[in-house]
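# Chain and residue survey
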Amino acid sequence: KNEVEQSPQNLTAQEGEFITINCSYSVGISALHWLQQHPGGGIVSLFMLSSGKKKHGRLIATINIQEKHSSLHITASHPRDSAVYICAVDNDMRFGAGTRLTVKP
Amino acid sequence: GAVVSQHPSRVICKSGTSVKIECRSLDFQATTMFWYRQFPKKSLMLMATSNEGSKATYEQGVEKDKFLINHASLTLSTLTVTSAHPEDSSFYICSARGSFDFRDPSGNTIYFGEGSWLTVV
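Before going into details, it helps to say that this report is about the structure given with it. Just so you know, these numbers come straight off a predicted model, no measurement behind them. (Residues numbered from 1 in each chain as written. Chains lettered and ligands numbered in written order. Predicted model: local features only at pLDDT ≥ 70, side-chain atom pairs only at ≥ 80, totals over all residues. Heavy atoms only, no water.)

### Quick word on the overall build of chain A
Applied cut-off: Helix and strand assignments come from DSSP, with helices taken as H or I runs of at least 4 residues and strands as E runs of at least 2, each series counted from the N terminus. Here the globule rule reads 2.2 Å times residues to the power 0.38, and the radius of gyration is calculated from C-alpha atoms. Relative accessible area decides the class of each residue, using a 1.4 Å probe on protein chains only: under 20% of the type maximum gives buried, over 50% gives exposed, and in between gives partly exposed. A contact between two residues is defined here by any heavy atoms of the two lying within 4.5 Å. Method for areas: the Shrake-Rupley scheme with a 1.4 Å probe, in which residue coverage is limited to the protein chains shown.
Looking only at helices and strands, chain A features zero helices and 11 strands. In sequence order, chain A lays out its α and β elements as β-β-β-β-β-β-β-β-β-β-β. Its C-alpha atoms give chain A a radius of gyration of 13 Å, near enough to 13 Å, the size a compact globule of 105 residues would have. Dimensions of chain A, computed from the C-alpha atoms along their principal axes, are close to 40 × 25 × 20 Å. A buried classification covers 45% of the 105 residues belonging to chain A. Within chain A, contacts between residues at least 6 apart in sequence are counted, and of these 54% link residues at least 24 apart. Here chain A has roughly 5,000 Å² of accessible surface; of this, 49% comes from carbon and sulfur atoms.

This is the structure in structure tokens:
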């Protein structure tokens, strides 16, 4: 069983929709990362969280340490948001399987 | 701009040869570097963690003699795939975390390289 579980695995949305991707983990962590991977492979680090909430543009990430759960939200989604979103827990960098997001125009 | 540079971005090599992939931190000291492998449509898999000046710590199932990792300086780590075989063809990515990072003085932010596509023919 993966120590980091992401849901959903695949997500298709219409442009403008509010998106939520969830990440649950089973180990104690010092921080959690949300990453974005576009076709072609390049990875961009979106957020690093150890508590509370962070916002960057249309992206919002939250984490609940007690519940071992984090969410990534995308407001007013756009086709250019289409990518694989991955959560990773720090300490030893364990990754979720990723959520493949497709935003249709 | 890129904070962690990986080179080469694509490499094709013949079976049996060795290939080296470099990972450089451009404007901070990378005290810890991570190497990952990714199979098509699969998630990243941590291969090893290296701290500058010490031997890399390999994940279970990763062959140390096959995947040689060197982290000899605070800005450079290399992954050498030795005696490469077609099954080693994959996407390899590095990431780095360290000190003297003006963007994050805590040194907790991890920056990823662009990745290297290895094809062994």
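Okay, back to it.
### A few points about the environment of Leu79 of chain B
Residues and elements named next belong to chain B. Its place among the elements puts Leu79 in strand 8 (residues 76–81). Along the chain, Leu79 and Ser18 lie 61 residues apart, while their C-alpha atoms are 10 Å from each other. Excluding its chain neighbours within four sequence positions, the residues that come into contact with Leu79 are Val19, Lys20, Ile21, Trp35, Phe67, Leu68, Ile69 and Tyr92.

### As for the state of the cysteines
Residues and elements named next belong to chain A. This is how the line gets drawn: Disulfides are defined as cysteine sulfur pairs within 2.5 Å.
Under the counting rule described, the total for this entry stands at two disulfides over all chains. Sulfur-sulfur distance for the disulfide between Cys23 and Cys87 comes to 2.0 Å. For the disulfide bridge between Cys23 and Cys87, the dihedral angle about the S-S bond is near 75°, and by the sign convention the bridge is right-handed. Of the two residues, Cys23 is situated in strand 3 (residues 19–25) and Cys87 in strand 9 (residues 83–89); the sequence distance between them amounts to 64 residues. Given a relative accessible area of 0%, Cys87 falls into the buried group.

### Focus: the sheet that holds strand 8 (residues 69–74) of chain A
All names here are of chain A. Where we set the bar: Pairing between strands is defined by DSSP: at least two bridges between the two strands are required. Between the N-to-C directions of two axes lies an angle of 0 to 180 degrees, each axis being a line fitted to C-alpha atoms and, for a helix, fitted only over the stretch in contact.
Pairing within the open sheet is antiparallel, and its five strands lie in the order 1-3-8-7-6. Looking at the sheet topology across the chains shown, the edges are occupied by strand 1 (4–7) and strand 6 (52–56). Adjacent strand axes in the sheet meet at a mean angle of 15°, parallel and antiparallel pairs treated alike. When strand 6 meets strand 7 (residues 59–64), the two strands line up antiparallel, connected through five bridges. Within the sheet, the bridge partner assigned to Lys54 lies in strand 7 and is Ala61.

### Things to note about the packing of aromatic side chains
The test is simple: Centres within 6.5 Å are what make two rings of Phe, Tyr or Trp a pair, Trp counting through its six-membered ring; a difference in plane orientation under 30 degrees is then read as stacked, over 60 as edge-to-face, and the rest as tilted.
One pass over the structure, following the stated rule, counts six aromatic pairs over all chains. Pairing Phe91 of chain B with Trp117 of chain B gives two aromatic rings, centres 4.5 Å apart and planes at 35°, and the pair type is tilted. Taken as a pair, Phe91 of chain B in strand 9 (residues 90–99) and Trp117 of chain B in strand 11 (residues 116–120) lie far apart in primary sequence, 26 residues in all. For Phe91 of chain B, a relative accessible area of 1% gives the class buried. Under the relative-accessibility criterion, Trp117 of chain B is labelled partly exposed at 31%. Joined through ring pairs, the aromatic side chains of Phe95 of chain A together with Phe34, Tyr36 and Phe112 of chain B make up one cluster.

### A look at the environment of Glu3 of chain A
Inspection of the secondary structure assignment puts Glu3 of chain A in the segment before strand 1. For Glu3 of chain A, the residues in contact, after removing those within four places along its chain, are Ser24, Tyr25, Ser26, Val27 and Arg94 of chain A.

### A few points about the interface of chain A and chain B
Note the cut-off: Here the quantity called buried area is the accessible surface, traced with a 1.4 Å probe, that two parts lose on coming together, added over both. Any carboxyl oxygen of Asp or Glu that lies within 4 Å of a side-chain nitrogen of Lys or Arg is treated as forming a salt bridge with it. Here a polar contact means two N or O atoms within 3.5 Å. Within protein one must be a hydrogen donor candidate and the other an acceptor candidate, and residues neighboring in sequence count only if both atoms are side-chain atoms.
Between chain A and chain B, the residue contacts involve 18 residues of the former and 19 residues of the latter. Of the roughly 1,300 Å² buried between chain A and chain B on both sides combined, carbon and sulfur atoms contribute 59%. Three residues stand out in chain A for area buried against chain B, namely Ile43, Met93 and Phe95 of chain A, and they jointly supply 35% of the buried area on that side. As a salt-bridge pair, Glu59 of chain B and Arg94 of chain A come within 2.9 Å of each other at their nearest N and O atoms. In this structure, the connection of chain A to chain B is made through three residue pairs in polar contact (both at pLDDT 80 or more). Elements with a minimum of two residues in the side of chain A that touches chain B: strand 4 (32–37), strand 5 (43–49) and strand 10 (94–95) of chain A.

### Considerations on the side chain of Gln37 of chain A
As for its placement among the helices and strands, Gln37 of chain A is situated in strand 4. A polar side-chain atom of Gln37 of chain A sits 2.8 Å from a polar atom in the side chain of Gln38 of chain B. Excluding anything up to four places from it in sequence, Gln37 of chain A contacts Gly42, Ile43, Ala83, Val84 and Ile86 of chain A together with Gln38, Phe91 and Ile93 of chain B.

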